[in-house]
Amino acid sequence: MSKVIISTDKAPAVIGTYSQAVKIGTTVYLSGQIPLVPETMELVSEDFTAQAEQVFKNLTAVCEASGGELQDMIKVQIYLTDLGQFAIVNEVMAKHFRQPYPARAAIGVKQLPKGAQIEIDGIMELPSTN
């Protein structure tokens, strides 16, 4: 199977040596998204809830560019500079996912790119077209 590189201007442009996502067969590996507004490449806000919402908007855009939707994500990894914000992550995630929820990990980190408070990456499995 060949790699298909996914790119959309509806999510922040890449700022390094990576792709927004890579698709192999029906599996899509999504790079981490931080709360940048695609049009300005600036953080959406200093407010944590606004940052979490923007990350899910960015992930949704990459999922759609890959031929799927956010609900097709089977694994998410959430990186937080303050694990005390985890209850807010759950609230925001509940607005964007319905059951069955993806597998998930939450990892506390010292720092994220551009001063973001949250970053999420993950894996998506596209529905079979059979």
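That block above? That's the structure.
On a predicted model such as this, the values are computed, not experimentally measured, just so you know.

It is worth spelling out the pattern of salt bridges at this point. Per the counting criterion, the structure on display carries two salt bridges. For Glu53, the salt bridge goes to Lys95, with nearest N and O atoms at 2.6 Å. Pair noted here: Glu53 is in helix α1 (residues 48–65) and Lys95 is in helix α2 (residues 86–96), with a separation of 42 residues, a long-range link. Relative accessible area serves as the criterion here: at 15%, Glu53 is assigned to the buried category. With relative accessibility at 61%, the residue Lys95 sits in the exposed group. Glu69 is the partner of Arg98 in a salt bridge, and the nearest nitrogen-oxygen pair spans 3.4 Å. In this pair, Arg98 is assigned in the loop between α2 and β7 (103–108) and Glu69 in the loop between α1 and β6 (73–80), connecting sequence segments 29 residues apart.

Two elements in contact, α1 and α2, have axes whose closest approach is 10 Å; the angle formed by their N-to-C orientations is 35°. Handedness of the crossing formed by α1 with α2: right-handed. Residues Phe48, Thr49, Ala52, Glu53 and Phe56 of α1 pack against Ile88, Val89, Val92, Met93, Lys95 and His96 of α2. Residues that form the contact of α1 with α2 fall into these classes: seven nonpolar, two polar and two charged.

Let us now look at the packing of aromatic side chains. All chains considered together, the criterion is met by one aromatic pair. A ring pair is formed by Phe56 and Phe97, whose centres lie 6.0 Å apart and whose planes are at 80°; its orientation type is edge-to-face. Of this pair, Phe56 sits in helix α1 while Phe97 sits in the loop between α2 and β7, and the two are 41 residues apart along the sequence. Here Phe97 falls in the buried class, since its relative accessible area comes to 5%.

This part is about the environment of Ile120. Within the fold, Ile120 resides in strand β8 (residues 118–125). As a C-alpha pair, Ile120 and Ile34 span 86 residues in sequence and 6.9 Å in three-dimensional space. If we ignore the near neighbours within four places in the chain, the residues touching Ile120 are Ser31, Gly32, Gln33, Val55, Phe56, Leu59, Val76, Gln77 and Ile78.

Cut-offs and rules
Residues numbered from 1 in each chain as written. Predicted model: local features only at pLDDT ≥ 70, side-chain atom pairs only at ≥ 80, totals over all residues. Heavy atoms only, no water. Salt bridge = Lys/Arg side-chain N within 4 Å of Asp/Glu carboxyl O. Helix = DSSP H or I, 4+ residues; strand = E, 2+ residues; numbered from the N terminus. Buried < 20%, exposed > 50% of the residue type's maximum accessible area, 1.4 Å probe, protein only. Axes fitted to C-alpha atoms, helices over the stretch in contact; angles between N-to-C directions. Left-handed = near helix turned anticlockwise from the far one by under 90°. Contact = heavy atoms within 4.5 Å. Nonpolar A, V, L, I, M, F, W, Y, C, P; charged D, E, K, R; others polar. Phe/Tyr/Trp six-rings, centres within 6.5 Å; stacked < 30°, edge-to-face > 60°.

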